[in-house]
Amino acid sequence: MMQICDSYNQKNSLFNSMNRFIGAVNNMDQTIMVPSLLRDVPLDQEGEKEVSSFQDGDMYGSYVLLKSIRNDIEWGVLQGDERRKEKHGVTTALETSRIEPNDEDLEKLFQFHLNGLHTVLSKLTRKANTLTNRYKQEIGIGGCGN
């Protein structure tokens, strides 16, 4: 009984969510040999409204976004923020307003963000898998299996 509970908790851990997302993006990256073919291909298709509503644009924009998020997870957000700041010369919201929560709020704040991050990672994983399958359809590669 304890093993079932542990495996359920592990399945829903943040670490496993990140690994599933990174795996889906790596699969997407290995499958999509010519990313420029994704330009001007609309995201929405029958039954994909939830995934496509995450961001407007074409499949190429989603491809670039997913790879960027994967890089932020693998290399750290601070490096990503520094790269963007250097590229755009912009100060991030984190730098402009540093609000320190009370120690009492830290657990609630952590749980809130953990739940949100898990939800977002699940949606991004589905989006990466959907994009990979749509690319296969566009270039005429077999079935839609993952």
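An account of the accompanying structure is given in this report. Not measured: the values here are computed from a predicted model.

Rules and cut-offs
- Residues numbered from 1 in each chain as written.
- Predicted model: local features only at pLDDT ≥ 70, side-chain atom pairs only at ≥ 80, totals over all residues.
- Heavy atoms only, no water.
- Phe/Tyr/Trp six-rings, centres within 6.5 Å; stacked < 30°, edge-to-face > 60°.
- Lys NZ or Arg CZ within 6 Å of the ring centre and 35° of its normal.
- Helix = DSSP H or I, 4+ residues; strand = E, 2+ residues; numbered from the N terminus.
- Buried < 20%, exposed > 50% of the residue type's maximum accessible area, 1.4 Å probe, protein only.
- Contact = heavy atoms within 4.5 Å.
- Expected span 1.5 Å × (residues − 1).

1. So, the packing of aromatic side chains
For any pair of aromatic rings, the description rests on two quantities: the centre-to-centre distance and the angle between the ring planes.
Step number 1: Counted under the stated rule, the structure contains one aromatic pair.
Step number 2: Its end group placed over the ring of Tyr-60, Arg-39 keeps NZ or CZ at 3.9 Å from the ring centre.

2. Comments concerning the environment of His-118
Step number 1: Mapping His-118 onto the fold places it in helix H7 (residues 103-139).
Step number 2: For His-118, a relative accessible area of 18% corresponds to the buried category.
Step number 3: Distance from His-118 to Ser-17, taken between C-alpha atoms, is 6.5 Å for residues 101 residues apart in sequence.
Step number 4: Not counting residues up to four positions away in its chain, the partners in contact with His-118 are Asn-12, Ser-13, Ser-17 and Arg-20.

3. Digging into H7
Step number 1: Between its terminal C-alpha atoms H7 stretches 53 Å, which fits the 54 Å expected from 37 residues at 1.5 Å a residue.
Step number 2: Of all the positions in H7, only His-118, Leu-121, Leu-124, Thr-125, Lys-127, Ala-128, Leu-131, Thr-132, Asn-133, Arg-134, Tyr-135 and Lys-136 are classed as buried.

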